[in-house]
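Residue-level structure breakdown
Chain residues, written in single-letter form:
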Amino acid sequence: MRSTYNSVVTAAIALCLWLLPGQGVADQLDELFRQLADPGTTNWETVERDIEIQLSLSGSASADLLLRRGQDALEEQDFEAAIDHLTALTDHAPEFAEGYNSRAIAYFLAGLIGPALDDLRHVLVLEPRHYGALAGIGSVMEELGDDEAALAAYRAAFAIHPHRADLHGAIARLERAIEGTAL
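Scope of this entry: the structure provided in the associated data block. (Residues numbered from 1 in each chain as written. Predicted model: local features only at pLDDT ≥ 70, side-chain atom pairs only at ≥ 80, totals over all residues. Heavy atoms only, no water.)

Quick look at the packing of aromatic side chains now. Counting across every chain of the model gives one aromatic pair. Look at F33 and Y131: their rings are 6.5 Å apart centre to centre, the planes differ by 75 degrees, and that puts the pair in the edge-to-face class. Here Y131 lies in helix α8 (residues 131–143) and F33 lies in helix α2 (residues 25–37), a separation of 98 residues in the sequence. (Phe/Tyr/Trp six-rings, centres within 6.5 Å; stacked < 30°, edge-to-face > 60°. Helix = DSSP H or I, 4+ residues; strand = E, 2+ residues; numbered from the N terminus.)

Next up, the structure:
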């Protein structure tokens, strides 16, 4: 029941965003990212949610179904099924960044670091402002012990989304670690 409610709410919000007069989807997304990057934006949670809704719209009912199945499998920690559904999605909709982003999460959780990084890089080719993919690269690089690459990725994500405390904390932690090793 709750997932049906969430789907209906997401669809309604997406429809409202779609119907804003005088703006195409790309224009709306540009405006949302501009608002998110402004440290003075007080309703950043709403802006963040609107961006995530826009990024999750594939424009295809079958692609949406594959994304939902993949994300459901992720929630159930069935990483193999998630990877299967999300691979079908990326095959069906190769220009849909969120398919690659979700599959990168599934790969990472399955311990497949190389494929996760490949998918995260693909997300950024399709949507360079995808702060989630940038933060994901930061997490992977940190896990691999490459603190400088992790810091660069976290800083790039923070430039797009300066409201996330987890990014601020990761940057501060890595700056201390890198400065500490330089002495």
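Tracing the backbone shows M141 in helix α8. When the C-alpha atoms of M141 and I113 are compared, they prove to be 9.6 Å apart, with 28 residues separating the residues in sequence.

A packed helix pair is summarised by two numbers, namely the angle formed by the two axes and the spacing between the axes. Where α8 contacts helix α9 (residues 147–160), the two axes come as close as 8 Å, and the packing angle between them is 160 degrees. With respect to their mutual orientation, α8 and α9 come out roughly antiparallel. Crossing handedness for the pair α8 and α9: left-handed. On α9, the residues touching Y131, L134, A135, I137, G138, S139, M141 and E142 of α8 are D147, A149, A150, A153, Y154, A156, A157 and I160. Class assignment for the residues of the contact of α8 with α9 results in 12 nonpolar, two polar and two charged. (Axes fitted to C-alpha atoms, helices over the stretch in contact; angles between N-to-C directions. Parallel < 35°, antiparallel > 145°, perpendicular 65-115°, else oblique. Left-handed = near helix turned anticlockwise from the far one by under 90°. Contact = heavy atoms within 4.5 Å. Nonpolar A, V, L, I, M, F, W, Y, C, P; charged D, E, K, R; others polar.)

Further remarks concern the packing of helix α5 (residues 79–92) against helix α6 (residues 97–109). Put simply, α5 and α6 touch, their axes get as near as 9 Å, and they point 155 degrees apart. Taken together, the axes of α5 and α6 are roughly antiparallel relative to one another. The chirality of how α5 crosses α6 is left-handed. Counted together, F79, A82, I83, L86, T87, L89 and T90 of α5 and G99, Y100, S102, R103, A106, Y107 and L109 of α6 form the full contact between these two elements. Partitioning the contact of α5 with α6 into residue classes produces nine nonpolar, four polar and one charged.

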